[in-house]
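Architecture at a glance
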Amino acid sequence: MAPLPQAFQFGICSRALGRSAAGHYLPQILPECAKAGLWTVELAYECLEGLAKTLPGYSSNPKDAIREAARQTNTLARSLGLALMVMDAFEGYEGLKDRKKHDELVEDFKFWVELCGILGIEMIQIPATFHPKEQLSEDLEVHAEDLRKLCDIGLSVTPNIKIAYEPMGWCTYIKSWEQAQALIGKVQRPNIGLCLDTFHIASLLWASPNTKNGLREGGEEELKKSLDGLRKLKAEDIFLYQLSDGELLSPPMPESKYTEPEIDDLFAWSKHGRPYPGEGYFPCNQITEAIFATGFRGIVTQEIFQDDGFDTTPGILAAHAQRAVKSWVGITESLKLAPFFPPTPAGENKLGTCTVNLGDYLYYTLEDKLYAAAATGHKAIDLYEDDFLHYLSLLPGVNKANVWEPNTVHLAAAKRVGDLIASLGMELICFQPLIDVEGLVIESERAAAVQRVKDYFPYMRALRTDVTYITTNRRYDFENITDDMDVISKDLAYFADLAAEYSAKDGGPLIKIGYEHLGWGSHINTFDKTWEAIAKANRPNLGFVFDSFNFLAVEFANPYNPKGHGRIIEDPKEAHQYVLDRLTKLVKLIPGDKIYVCQVADANLADPKSLPVPTPKTEKWTPQHEPPYCAWSTSHRLFPNEQAIGGYMPVAECLAAILATGYKGAFTNEIFNDSFHVNGPEVVAEHARRSIAGVTSGVADAKKVKPFW
């Protein structure tokens, strides 16, 4: 099987869509980014300052106004599903002879770091200085020490702030990536790396604003030599990659309308003639291929400078966003990268997967699974707790004795996961599961369960999701759990109240808690009894979670049937009709807006003799002796429409019924199968492909089902 094409955290610099000097502000720019699918945002400080100038109080206290603009921008970006990943551009800093000015800039940088904390940004882009030589030290050790100071400020906060250092062709000393890399080496700090830009690489070596054909003599050879060196970089050396093309100037400078006699021609060209890749004549694909050959898969933004950024024509921001998308599509097609997947149209359900489906966390990183999901077109992610906790456990500074401690290191890690999901164009729809927390009898266990639920809330905020869910209790030590629906519903109500209380206190969106019946739940294993508990609890943020496997395991399937047909009811037509009757009841009973998550799975028709004998309800569940359906669930689930490998349950009818309730949320696969535990190079790619094929075809089939409810 061919490996998956690489997906990227692709997006745009905010000023590329429109300039605040022309009245284009972030509240108008960011929605256009979201509509177009430009999920990763490099936030230009000028855009933040431009918004601040529209707020009351800017004239009397500019910094407070900028802080408020940052708060508003972060809130808006999160509501739109955007990831603010970089702030630019902190200019004219290193190597100054005027140390008073240097000290002032250090204080400015500290303010930028504060703003990053408000915005949730972890990277600041710094262009190499381009002050006149007489204002700068010739000693690059001074430049390195200045940058080291900023790095140390960045390392003094959690999460750390990274510095993406950018060489530009008109800079005083650092014009090339090679020079920038050498200076970074002198800095000797882990939080500084390269910012590479197609315009600066090409205009320094290959293109010229001063010739009629726009080329430099010997440019092809110089560019090839430089790109050969680029390919040898480590992926982690590159923090940020910016894309832009170059406009062929006719006439060339100095006759060009873009000429500004007081500045370098390259600088003037850069200010006015940097269109989207594919709109000019630069070898953008060639440069991009070299950079991606390093294994880089980080932040890629389009940084465009053209005079039409000041255009005030209605619809201009949307037009620029579409140009950005068209440009990126051209690059992905030319370089055979993961295709661009546009946003899910309004009114349609997002399709996605649970992270557990894509491979065992012991063998495959969470990041690899998320990139695979993005590369195959998933738009919704259901984050399984084991995947996240394993990711967290591998990070430096983690409190392994208490991974649920909501300290800055842990929450920063959670935020990074949430931002990665968003920047890859996906939505984190759920973080789960909370298991065996309701209906407990022993007070110490009840207190531990309450704490477990509360532990989730700060992580959900950092991960950028408002939904978690509780599975019906699956314990079989009946002396320690109760089937009293009053007790169970009161527990659920209390958990929902805790979530509401947390939400009110932190001012964020209301945290919702779903309740899912397991096919082997000890006291509750059907949808109607689950809904009974939810309705009795009667909380606005408590809802239902539907799982097609857990529904069908109770209403349709009997994998232990000695006849081998895998059904409860012998006659297949009667079995199917019984499922339809039960689904009809579900449609009438549960409103769509109270369904918080819909998980999709089929299962294979297993040989009954291959399954362990289930535990009688009078005996305690042990790993060697499990309740009915548990072993089948954990080893034999399949993606929808995999009849060729044994899938046999009526999944499409289940999804049709869920749609009939008016459900507007995502459909995500949740599959448990022994195939995930194989350690091999194709496992993640194979399961990602199977996942998107299954959920896409499953929902499509559901829409073809004739109403039976």
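On a predicted model such as this, the values are computed, not experimentally measured, just so you know.

1. What about the overall build of the protein?
- Helix and strand counts for the protein come out as 23 helices and 21 strands.
- For the protein, whose C-alpha radius of gyration is 28 Å, the value lies close to the compact-globule estimate of 27 Å for 709 residues.
- Its C-alpha atoms put the protein at 85 × 50 × 45 Å along the principal axes.
- For the protein, buried positions account for 59% of its 709 residues.
- Long-range contacts, defined here as pairs at least 24 residues apart, represent 82% of the contacts in the protein between residues at least 6 apart.
- Per element, the accessible surface of the protein, about 28000 Å² overall, is 53% carbon and sulfur.

2. Comments concerning the environment of Glu 32
- Take Glu 32: it is sitting in helix α2 (residues 26-36).
- We classify Glu 32 as buried; its relative accessible area is 18%.
- Between the C-alpha atom of Glu 32 and that of Leu 317, which follows or precedes it by 285 residues, the distance is 6.7 Å.

3. Observations concerning the environment of His 523
- Structurally, the position occupied by His 523 is in the loop between β16 (512-516) and α18 (527-537).
- Given a relative accessible area of 22%, His 523 falls into the partly exposed group.
- Each C-alpha atom, one on His 523 and one on Leu 240, is 53 Å from the other, the two residues being 283 residues apart in sequence.
- What His 523 contacts, discounting residues up to four positions off in sequence, is Asn 473, Phe 478, Ile 481, Thr 482, Asp 483 and Lys 529.

4. Considerations on the nonpolar core
- Counting 112 residues, the largest nonpolar core has Leu 48, Tyr 165, Ile 291 and Trp 328 as its most contacted members.
- Sort the elements by how many residues they give to this core and helix α5 (residues 99-119) lands first, with nine residues.
- Residues in contact with Trp 328, not counting those within four places in the same chain, are Phe 8, Phe 10, Leu 243, Phe 292, Val 300, Gln 302, Leu 337 and Phe 340.
- If you look at the next biggest cluster of nonpolar residues, it comprises 109 residues, including Leu 366, Met 460, Val 684 and Ala 688.

5. Regarding the pattern of salt bridges
- Tallied over the full model, the rule gives 46 salt bridges.
- Put simply, Lys 186 and Glu 141 hold a salt bridge, and the shortest N to O gap is 3.5 Å. Here Lys 186 is found in helix α7 (residues 177-187), whereas its partner Glu 141 is found in helix α6 (residues 140-155), with 45 residues between them in sequence.
- Accessibility expressed as a relative area gives 36% for Lys 186, which makes it partly exposed.
- Here Arg 475 ties to Glu 445 by a salt bridge, and the two come within 3.0 Å at their closest N and O atoms.

6. Quick word on helix α13 (residues 366-375)
- In terms of burial, α13 is a largely internal element, eight of the ten residues being buried.
- Every buried residue of α13 is accounted for by Leu 366, Lys 369, Leu 370, Tyr 371, Ala 372, Ala 373, Ala 374 and Ala 375.
- Buried residues belonging to α13 abut β1 (9-13), β11 (351-354), β12 (380-384), α14 (385-393), α15 (408-423) and α23 (683-704).
- A positive phi of about 100 degrees marks Gly 377, the residue just after α13.

7. Quick word on a nonpolar patch on the surface
- Together, Tyr 361, Leu 362 and Tyr 363 make up an exposed nonpolar region whose accessible area comes to about 300 Å².
- Residue position: Leu 362 is located in the loop between β11 and α13.
- For Leu 362, a relative accessible area of 56% translates into the label exposed.

8. Here's the deal with the pairing of strand β2 (residues 40-44)
- Most of β2 sits inside the fold, with five of its five residues counted as buried.
- Here β2 shows two buried faces, one formed by Thr 40, Glu 42 and Ala 44 and the other by Val 41 and Leu 43.
- As paired strands, β1 and β2 are joined by three bridges and run parallel to one another. Bridge assignment links Ile 12 to a residue of β2, and that residue is Val 41.
- Across five bridges, the pairing between β2 and strand β3 (residues 83-88) is parallel. Directly across from Leu 43, in β3, lies its bridge partner Met 87.

9. Quick word on the side chain of Asp 197
- In this structure, Asp 197 sits in strand β6 (residues 192-197).
- Polar contacts involving the side chain of Asp 197 include one to the side chain of Arg 274, which spans 2.7 Å.

10. Digging into the packing of aromatic side chains
- In the structure shown here, the tally under the stated rule is 37 aromatic pairs.
- Where Phe 708 meets Trp 709, the ring centres are 4.8 Å apart and the plane angle is 75 degrees; that geometry is what we call edge-to-face.
- On the accessibility criterion, Trp 709 (37% relative accessible area) is partly exposed.
- Chaining the aromatic ring pairs together yields one cluster made of Phe 8, Phe 10, Tyr 241, Phe 292, Phe 296 and Trp 328.
- Positioned above the aromatic ring of Phe 111 is the side chain of Lys 63, whose terminal nitrogen or guanidinium carbon lies 4.9 Å from the ring centre.

11. Digging into the pairing of β12
- With five of five residues buried, β12 lies mostly within the body of the structure.
- Neither face of β12 is exposed, since Ala 380, Asp 382 and Tyr 384 on one face and Ile 381 and Leu 383 on the opposite face are all buried.
- Where β11 meets β12, three bridges bridge the pair, whose relative direction is parallel. Each bridged residue has a counterpart across the sheet, and for Gly 352 the counterpart in β12 is Ala 380.
- For the handedness criterion, the β-α-β arrangement of β11, α13 and β12 is classed as right-handed.
- When β12 meets strand β13 (residues 427-432), the two strands line up parallel, connected through five bridges. Residue Leu 383 lies in a different strand from β13, and its bridge partner there is Phe 431.

About the thresholds
Residues numbered from 1 in each chain as written. Predicted model: local features only at pLDDT ≥ 70, side-chain atom pairs only at ≥ 80, totals over all residues. Heavy atoms only, no water. Helix = DSSP H or I, 4+ residues; strand = E, 2+ residues; numbered from the N terminus. Rg over C-alpha atoms; globule rule 2.2 N^0.38 Å. Buried < 20%, exposed > 50% of the residue type's maximum accessible area, 1.4 Å probe, protein only. Contact = heavy atoms within 4.5 Å. Areas by Shrake-Rupley, 256 points an atom, 1.4 Å probe, with all protein chains shown as cover. Core = buried A, V, L, I, M, F, W, Y, C linked by side-chain atoms within 4.5 Å. Salt bridge = Lys/Arg side-chain N within 4 Å of Asp/Glu carboxyl O. Patch = residues over 30% accessible without salt bridge, like charges linked within 9 Å, V, L, I, M, F, W, Y side chains within 5 Å. Pairing = 2+ DSSP bridges. Polar contact = N/O pair within 3.5 Å; in protein donor to acceptor, adjacent residues only side chain to side chain. Phe/Tyr/Trp six-rings, centres within 6.5 Å; stacked < 30°, edge-to-face > 60°. Lys NZ or Arg CZ within 6 Å of the ring centre and 35° of its normal. Right-handed = clockwise from strand over helix to strand, strands pointing away.

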